[in-house]
Amino acid sequence: MKLVNACQMRKIEQIAIQELGIPSILLMENASIRIAEHCLRYIKDISNPKVLIVCGSGNNGGDGFAIARHLYVKGIDTNILLACDTFSVKEDAAVNLLIVQKIGIPIELIKTAYNHTIDQSPLKISSSASGSLCGNELESYDLIVDAIFGTGLTRNIEGNVRQLIETINFYAKYVISVDIPSGVHSDTGRIMGCAVKANETITLGFPKTGTFLYPGAEYTGKIHIEDISIPDNLIDRIETKTHTLTESEAMDILPARKNRSNKGDFGRVLIFAGSNEMPGAAALACSAAYMTGCGLVCACVVKNTASVIHHWQREVVTRIVPDKNGTYCKDSLSVVFNNGKIEIGSLSDDIRCASVIVLGPGIGRSADVTEFVQELIINSNASLVLDADALFAISGNVNILKELKAPCVITPHPGEMSRLTNLSVPEILDDISDTAARFAKEYNTVTLLKDAHTVIANPDGEIFINTTGNNALSKAGTGDVLAGMIAGFTAQGVNVFKAGVLGAYFHGKACEEACLKKSNHGITASDIINNILIVMKR
């Protein structure tokens, strides 16, 4: 599903208005009808409901005025609070403001930080000098509709409007936001000083990027996408490279499985993971790769890790490699497994035959590990999934990614991304999509940047925002599972970008499924593995 930013949405509306001849006020009317339907649905079982529509001066406010009219003519006790100067309300919004004033809907105007002409208002509107309604008044409303700011907000919210929003967040029983919660930046999800925390957001025409990115996603509540008579194909007239994956789309790009096939048809995953201290990381990655459908998993691991894998997943082929203090070292690349004995030789055959290599989960951090990681990256011709400690190993020499011979996906969390970019974690979280996109382009590397809504960026600028999963993923081992899943999809012929998108999607869905059986507190990485097949089967 394609997502749009504010500029892209404006271009789509301009095409609809100028080329197709759809009047802008008709778009506003359609939007108000759709949102009024959601309002009526919410209040239908409430006796004598009271609704407050809080309106700004732009098109978002114009939607609010029209919503108020639709509710009022249905007999709903409806009031309007203007969070702007009436002289700043223009064009279609002004038309709808005049209508609601003429039909007698009560309107109150607050004095804002930008309002210097309140006493000259041509409308008969009462004024609240305090800057906002008091809390107990807000509590008297069963529903508050947030129509203050739309997608065009570019400055931080200040003054009495900020006080109003904070009061709404504290006292409101239920909030529906028009298009986007006021205060959420439509492109980045950044909070512009403050933001309305909605129970529902009715986004109009096409979904907005900022509602799917944190922290904005935390303010949207349930998102509904409503048609306002803009033809769907208009989104194809503009360049938009940001998406989120729907369930049907995910099922459509799952790799096909032929009836007449063998394990070689589904690829070979080579895994370098685990150490004496973290052997389970390798076992988790191996199991996840198998669960996603790859044909064969070969784990090149130290001896203790091999023992854990043998106990956990009997189908995994193991190559026991030399180690140094229980971790990988440069010598780990110079062995083969022959009749149960380790002999001097080369792993080049295994590396050459691999469809994809997973490198990093639980391998530890040391100068020897760093040397091993860099040596493998330079010499591998197979696609790579670089995770966890492999990212630590390259953080002092990120340019090594420019020496890659095959497609690669990296899977950092914000702390790991900070080491790779020298940006602070707050800087990364402030615009996670742009951070991932810039890194992907500079290093020609698919960048899966983990967050509550993970961002997967392709070097060509295409971005997917993953919305599956929940806070249960904040637990040891879940990243190892994700790395294995991405490798499993890649081995079956899915390119590393789509494999990252699929991996993140089904990783999150398996987490959600596991939580239904246990709880967000109690599930483990193993529970996620056990639910992969369930969510991929639907």
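The following paragraphs examine the structure supplied in this document. Keep in mind that this is a model prediction, so the values were computed, not measured.

Summed over all chains, the structure comprises 18 salt bridges. With a shortest N-O distance of 3.1 Å, arginine 365 and aspartate 389 are connected by a salt bridge. Of this pair, arginine 365 sits in the loop between strand 16 (356–359) and helix 11 (367–379) while aspartate 389 sits in helix 12 (residues 389–394), placing them 24 residues apart in sequence. Note on arginine 365: relative accessible area 47%, which makes it partly exposed. Of the charged contacts, one joins aspartate 527 and lysine 518 as a salt bridge, the two residues approaching to 2.9 Å between their closest N and O atoms. Connected through salt bridges with shared partners, the residues Arg268, Arg319 and Asp350 form a single ionic network.

Taking strand neighbours across the sheet as the criterion, the 11 strands line up as 1-10-21-20-19-18-17-16-11-12-13 in an open arrangement whose pairing is mixed. The sheet is open, and its two borders are formed by strand 1 (2–3) and strand 13 (317–320), each paired with just one other strand. When strand 19 (residues 446–449) meets strand 20 (residues 455–457), the two strands line up antiparallel, connected through three bridges. When the sheet's bridge partners are listed, leucine 448 is paired in strand 20 with isoleucine 456. Against the sheet, helix 8 (residues 280–291) contacts strand 11 (268–272) and strand 12 (296–301), and its axis sits at roughly 165 degrees relative to strand 12.

Counting through the fold element by element, glycine 210 comes out in the loop between strand 8 (200–204) and strand 9 (222–226). A residue is classified by how much of its surface remains accessible, and glycine 210, at 0% relative accessible area, is buried.

This next bit is on the packing of aromatic side chains. Under the defined criterion, the tally for this structure stands at nine aromatic pairs. Ring geometry for tyrosine 42 versus tyrosine 174: centroids 3.8 Å apart, planes at 10 degrees, classification stacked. Of the two residues, tyrosine 42 is situated in helix 2 (residues 24–43) and tyrosine 174 in the loop between helix 6 (159–171) and strand 7 (175–178); the sequence distance between them amounts to 132 residues. Under the relative-accessibility criterion, tyrosine 42 is labelled partly exposed at 28%. With centroids separated by 6.4 Å and ring planes inclined at 40 degrees, the aromatic side chains of phenylalanine 489 and phenylalanine 506 adopt a geometry described as tilted.

Calculation rules
Residues numbered from 1 in each chain as written. Predicted model: local features only at pLDDT ≥ 70, side-chain atom pairs only at ≥ 80, totals over all residues. Heavy atoms only, no water. Salt bridge = Lys/Arg side-chain N within 4 Å of Asp/Glu carboxyl O. Helix = DSSP H or I, 4+ residues; strand = E, 2+ residues; numbered from the N terminus. Buried < 20%, exposed > 50% of the residue type's maximum accessible area, 1.4 Å probe, protein only. Pairing = 2+ DSSP bridges. Contact = heavy atoms within 4.5 Å. Axes fitted to C-alpha atoms, helices over the stretch in contact; angles between N-to-C directions. Phe/Tyr/Trp six-rings, centres within 6.5 Å; stacked < 30°, edge-to-face > 60°.

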